[in-house]
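Tertiary structure, described
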Amino acid sequence: KAGVTQTPRYLIKTRGQQVTLSCSPISGHRSVSWYQQTPGQGLQFLFEYFSETQRNKGNFPGRFSGRQFSNSRSEMNVSTLELGDSALYLCASRPRLAGGMNTGELFFGEGSRLTVL
Amino acid sequence: DQQVKQNSPSLSVQEGRISILNCDYTNSMFDYFLWYKKYPAEGPTFLISISSIKDKNEDGRFTVFLNKSAKHLSLHIVPSQPGDSAVYFCAASLPFNSGYALNFGKGTSLLVTP
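Residues numbered from 1 in each chain as written. Chains lettered and ligands numbered in written order. Predicted model: local features only at pLDDT ≥ 70, side-chain atom pairs only at ≥ 80, totals over all residues. Heavy atoms only, no water.

Focus on the interface of chain B and chain A
Listed by partner, the interface residues are 20 residues for chain B and 23 residues for chain A. Interface of chain B and chain A: buried area, both sides summed, is about 1700 Å²; carbon and sulfur atoms make up 58% of it. Our enumeration of links across chain B and chain A arrives at 0 salt bridges. Between the two partners, chain B and chain A, sit 4 residue pairs in polar contact (both at pLDDT 80 or more). (Contact = heavy atoms within 4.5 Å. Buried area = accessible area lost by both parts, 1.4 Å probe. Salt bridge = Lys/Arg side-chain N within 4 Å of Asp/Glu carboxyl O. Polar contact = N/O pair within 3.5 Å; in protein donor to acceptor, adjacent residues only side chain to side chain.)

Let's talk about the state of the cysteines
Scanning all chains against the criterion turns up 2 disulfides over all chains. The disulfide partner of Cys23(A) is Cys91(A), and the gap between their sulfur atoms is 1.8 Å. Handedness here is read from the sign of the S-S torsion; for Cys23(A) and Cys91(A), about -65 degrees, the answer is left-handed. Of this pair, Cys23(A) sits in strand 3 (residues 19-24) while Cys91(A) is found in strand 9 (residues 87-94), placing the two residues 68 residues apart along the sequence. For Cys23(B), the disulfide goes to Cys90(B), at an S-S distance of 2.0 Å. (Disulfide = S-S within 2.5 Å. Helix = DSSP H or I, 4+ residues; strand = E, 2+ residues; numbered from the N terminus.)

With respect to the pairing of strand 11 (residues 112-116) of chain A
All names here are of chain A. Where burial is concerned, the two faces of strand 11 differ: the one with Ser112, Leu114 and Val116 is buried and the one with Arg113 and Thr115 is not. In this structure, strand 2 (residues 10-13) lies alongside strand 11, joined through 4 bridges in parallel fashion. Residue pairing for strand 11: Ile12 is matched across the bridge by Thr115. Relative to strand 11, strand 9 runs antiparallel, the two being bridged by 3 bridges. Looking across to strand 11, one finds that Tyr89 is bridged to Ser112. (Buried < 20%, exposed > 50% of the residue type's maximum accessible area, 1.4 Å probe, protein only. Pairing = 2+ DSSP bridges.)

Remarks on the side chain of His76(B)
All names here are of chain B. Here His76 is to be found in strand 8 (residues 72-77). Among the polar contacts made by the side chain of His76, one reaches the side chain of Ser74 at a distance of 3.4 Å. Ignoring sequence-local partners within four residues, the contact set of His76 consists of Ile18, Ser19, Ile20, Arg61, Phe62, Thr63 and Phe65.

The following block contains the structure:
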């Protein structure tokens with residue numbers, strides 16, 4: 001079974017630009033969430049999507065947005081990039097057990113490393 | 001506001017010995033706790049979890065202990081192996097309802113020396 005796939009793996013942008021990152025969850029996983037990892041702050045929750053609906057959002061400015069498509073693939077967008085947005089952006093998907101309960105484990109992709117110059 | 005704290009940024013242990021990684025949390029509403037391992041240039045990998053209704057969960061060389069009264073959990077690795085060298089993240093979640101998010105600590109870098 002293929003894991004969570006994120007593209008691109010690495011990218012360099014300049015301040016003021018915008019960026020779109022893509023995530024394909026594990027087949028059958030309908031919940032997709034995004035996290036930002038920086039050396040100073042660790043992993044911080046950005047948002048979670050389920051069935052194309054954003055269900056939860058972390059404490060990030062409105063420049064950070066996302067969406068989920070009907071095939072569960074997700075994208076996140078950061079507009080008006082700032083130097084502080086340089087980070088590893090991790091996507092994770094979560095399986096659903098029989099009976100509808102979600103498990104607690106997240107399965108992470110390898111991340112998209114964004115550098116803002 | 002960091003609700004999950006890993007106060008030791010790094011830990012060095014000899015091969016074969018026990019590694020103990022600690023984690024404290026502040027939100028008493030957390031009801032599910034997880035440990036993840038992360039190698040450089042890879043995403044975090046789930047290691048072991050524990051529900052708040054338990055105080056211990058074991059999986060092979062890995063055991064997680066939960067002390068709810070102290071809002072403290074720990075991960076024990078016995079025996080430690082050089083391949084265990086990685087960054088370990090503690091995470092906690094609120095009860096599953098309409099949304100789900102993990103609160104992560106900042107990680108502890110474990111080095112297991114031969």
